[in-house]
Amino acid sequence: MPYFQVTNAALFGVSAFVAAFAALSILGRRGVPGLRRAPGADLFSDTLVFLIRDGVLIDPNFPARRLLNHFGSKHLDLGALSRALHARFDDADKLLDKIAPGNSRSAIARDGCIQAISEATGGTIRLSLSSRMQAQPVTDDVHLLAAQEAELETLRETSELCTLSCLARSA
């Protein structure tokens with residue numbers, strides 16, 4: 001009799017574990033509204049742009065402000081940007097260092113999902129962070145290209161007719 005009780009208890013425990021694991025897997029894939037995703041998971045869905053002049057953050061775009069807020073800054077704070085970069089990139093300091101005008105630096109995040117490009121023009125550094133999936137070139141639609149070529153040909157013919165008409169009137 002004790003053998004059956006131990007077997008039933010073990011079977012019950014294993015089945016409860018499998019059911020809980022399956023439920024959590026399904027809920028994790030569907031995304032339940034009450035469950036919070038990992039912090040910062042969607043912060044890089046848009047391109048983030050920061051303008052830095054003389055070591056001062058002067059102008060982040062709206063998605064970039066969300067990132068600064070996530071890292072504890074309600075204002076323009078280069079420290080929050082530095083914390084955000086160090087959380088994702090190995091060479092974060094190089095992205096914020098001064099660059100000769102016309103030059104640029106780039107880096108890929110440790111996980112390979114985010115690309116950073118730091119460019120210098122006129123004493124201002126433009127740092128942009130974007131998803132590498134967004135950076136992939138989109139293939140052109142064949143039908144769109146054909147429609148554009150047809151429209152261009154129509155405009156050329158119209159222009160030629162107008163030119164001939166103007167020449168005929170002036171003669």
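Details of the structure are given in the entry above.
Figured I'd write up the structure that's included with this text.

So, how was this worked out
Residues numbered from 1 in each chain as written. Predicted model: local features only at pLDDT ≥ 70, side-chain atom pairs only at ≥ 80, totals over all residues. Heavy atoms only, no water. Core = buried A, V, L, I, M, F, W, Y, C linked by side-chain atoms within 4.5 Å. Buried < 20%, exposed > 50% of the residue type's maximum accessible area, 1.4 Å probe, protein only. Helix = DSSP H or I, 4+ residues; strand = E, 2+ residues; numbered from the N terminus. Contact = heavy atoms within 4.5 Å. 1 Å grid on protein atoms, 1.4 Å probe; cavity = no way out; pocket = protein on both sides within 12 Å on 5 of 7 lines; lining within 4 Å. Points joined across faces, edges and corners; volume = space filled by probe spheres on them. Nonpolar A, V, L, I, M, F, W, Y, C, P; charged D, E, K, R; others polar. Polar contact = N/O pair within 3.5 Å; in protein donor to acceptor, adjacent residues only side chain to side chain. Pairing = 2+ DSSP bridges. Axes fitted to C-alpha atoms, helices over the stretch in contact; angles between N-to-C directions.

### Points about the nonpolar core
One broad trend across soluble globular proteins is that nonpolar side chains are buried collectively. Phe50, Leu81, Leu85, Phe89, Leu95, Leu127 and Leu129 are the most contacted members of the largest nonpolar core, which has 22 residues in total. Elements that contribute at least two residues to this core include exactly β1 (48–53), α2 (62–70), α3 (78–88), α4 (92–96), β4 (114–121) and β5 (124–131). Of the residues forming this core, the biggest block, four residues, is contributed by α3. Discounting chain neighbours no more than four positions away, the residues touching leucine 127 are Leu48, Val49, Phe50, Leu81, Leu85, Leu95, Leu96, Ala116, Ile117 and Ser118.

### What about the layout of surface pockets?
Within this model, the largest pocket holds a volume of roughly 180 Å³. Going through the elements one at a time, β1 and β5 are the ones with two or more residues in the lining of the largest pocket. Residues belonging to the lining of the largest pocket are distributed by class as follows: seven nonpolar, three polar and three charged.

### Overview of the side chain of threonine 124
In this fold, threonine 124 is placed in strand β5. Within the local environment of threonine 124, its side chain forms a polar contact with the side chain of arginine 53, the two groups lying 3.0 Å apart. When near neighbours in sequence (up to four residues on either side) are disregarded, threonine 124 contacts Leu51, Ile52, Arg53 and Glu119.

### So, the sheet that holds β4
Pairing is antiparallel across the open sheet formed by five strands, whose spatial order is β2-β1-β5-β4-β3. Both edges of this open sheet fall to β2 (56–60) and β3 (104–108), since each of them pairs with a single strand only. Between one strand and the next, the sheet's axes are offset by a mean angle of 20 degrees, whatever the strand orientation. Where β1 lies against β5, six bridges are found, and the strand directions are antiparallel. Note that in β5 the partner of arginine 53 across the bridge is threonine 124.

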